[in-house]
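What the coordinates show
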Amino acid sequence: MNVSEAIFTRESIRAYLDKPVLTEDLEKIIEAGQWAPNAGEFQISVIRNGELRKRINDATHNKMVHSGIEFLQERVSLPGYQPLYGAPMLILLSTPTESPYSAANTSLAAENMLLQATELGLGSCYIVSPTLALNDADNRSLAQEAGIPDGYKLQCAVIVGYAAAENKFGVGERAKRGTVQYVD
Ligand SMILES: Cc1cc2nc3c(=O)[nH]c(=O)nc-3n(C[C@H](O)[C@H](O)[C@H](O)COP(=O)(O)O)c2cc1C
């Protein structure tokens, strides 16, 4: 698969098989993130522990329920909805709290990971919902367990795994977005 094919076939996968990701594939995905353009520090925490992933999932679910944000509350009330969608791998990208360009640094790394996962035949999704839980002072010890250092803030996360047959919990058709103006 070339880069164009990865860009055009990548899609957000929201249902996963209970099948682990090979270590060699995981390492390629992480390394792809590390080669992204960047302008600052960030930490990549790879959550391989299923029990810890479940606690992050449940804490996120709880924050979505109590978010007061209609879109999130609608999503989380869908029968069987889990914020981490049962993915066997969770990758957290965090940065020093006051560091500039943090969202850009981590999102560029995340996109590289999504494209690398696509090339490897794996499903993936960029998610920010775990920030609701892991950036909340109530969950500081959970964030520490998840490898987010003191003084760091979670910016975004990537989930990876083998896609289930039905991509449940989609948010609509995949579409080309953004407006374009060529200026000559
Ligand atoms: C800033 C941002 C936050 C997102 N957070 C979530 C999330 O928490 N959960 C989720 O399922 N998808 C999340 N997404 C994925 C988008 O819903 C998805 O990329 C969009 O619907 C387009 O679909 P596609 O990725 O299949 O092209 C997020 C995307 C962005 C850019």
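Residues numbered from 1 in each chain as written. Predicted model: local features only at pLDDT ≥ 70, side-chain atom pairs only at ≥ 80, totals over all residues. Heavy atoms only, no water.

Considerations on the overall build of the chain
Rule in force here: Numbering of helices and strands runs from the N terminus, with a helix taken as a DSSP run of H or I at least four residues long and a strand as a DSSP run of E at least two residues long. Radius of gyration here uses only the C-alpha atoms, and the compact-globule reference equals 2.2 Å multiplied by the residue count raised to the power 0.38. Buried, partly exposed and exposed residues are distinguished by accessible area as a fraction of the type maximum, computed with a 1.4 Å probe on protein chains only: under 20%, between the cut-offs, and over 50%, respectively. The criterion used for residue contact is that any of the two residues' heavy atoms lie within 4.5 Å.
Counting its regular elements, the chain contains 7 helices and 4 strands. Ordered by position in the sequence, the α and β elements of the chain form the string α-α-β-α-α-β-α-β-α-α-β. Taking 16 Å as the expected radius of gyration for a compact globule of 184 residues, we find that the chain reaches 16 Å, a close match to that expectation. Principal-axis analysis of the C-alpha atoms places the extent of the chain at approximately 50 × 40 × 40 Å. Across the 184 residues of the chain, 42% fall into the buried class. A fraction of 83% describes how many contacts in the chain between residues 6 or more apart in sequence connect residues 24 or more apart.

Considerations on the packing of helix α2 (residues 23-34) against helix α5 (residues 102-119)
What counts, and what does not: Axis geometry follows a simple rule: fit a line to the C-alpha atoms, using only the stretch in contact for helices, then measure angles between N-to-C directions, giving values from 0 to 180 degrees. Here is the rule for handedness: rotate from the far helix to the near one, and if that takes an anticlockwise turn smaller than a right angle the crossing is left-handed, while a clockwise turn gives right-handed. Amino acid classes used here: Ala, Val, Leu, Ile, Met, Phe, Trp, Tyr, Cys and Pro are nonpolar; Asp, Glu, Lys and Arg are charged; the rest, including Gly, are polar.
Remark: α2 packs on α5, axes separated minimally by 7 Å, with the N-to-C direction vectors making an angle of 145°. Where α2 crosses over α5, the handedness of that crossing is right-handed. Side by side, α2 and α5 meet where K28, I29, I30, A32 and G33 of the first sit next to A109, N112, M113, Q116 and A117 of the second. The residue inventory of the contact of α2 with α5, partitioned by class, reads 6 nonpolar, 3 polar and 1 charged.

Description of the state of the cysteines
We apply this condition: A pair of cysteine sulfur atoms is labelled a disulfide when the two atoms are within 2.5 Å.
Summed over the entire model, instances satisfying the criterion amount to 0 disulfides. Among the cysteines around C125, which has no disulfide bond, C156 carries the closest sulfur, lying 11 Å off.

Thoughts on the side chain of R14
The condition that has to hold: All tallies of charge rest on Lys and Arg as positive and Asp and Glu as negative; His and the ends of each chain are not included. Only one rule defines a salt bridge in this text: a Lys or Arg side-chain nitrogen within 4 Å of an Asp or Glu carboxyl oxygen.
Mapped onto the elements, R14 comes out in the loop between α1 (3-9) and α2. Although R14 is buried, it forms no salt bridge, and the closest oppositely charged side chain is E11 at an N-O distance of 7.4 Å. Not counting the four nearest positions on each side in its chain, R14 is found in contact with R75, Y85, C125, N167, K168, F169, G170 and V171.

Brief notes about unusual backbone geometry
Residues other than glycine seldom take positive phi values, yet Y85 does so here, at roughly 55°. Given a relative accessible area of 10%, Y85 falls into the buried group. You will see that F169, though not glycine, has its phi angle at about 65°, which is positive. Note on placement: F169 falls in the segment after β4 (152-161).

Geometric values such as these leave the question of function open.
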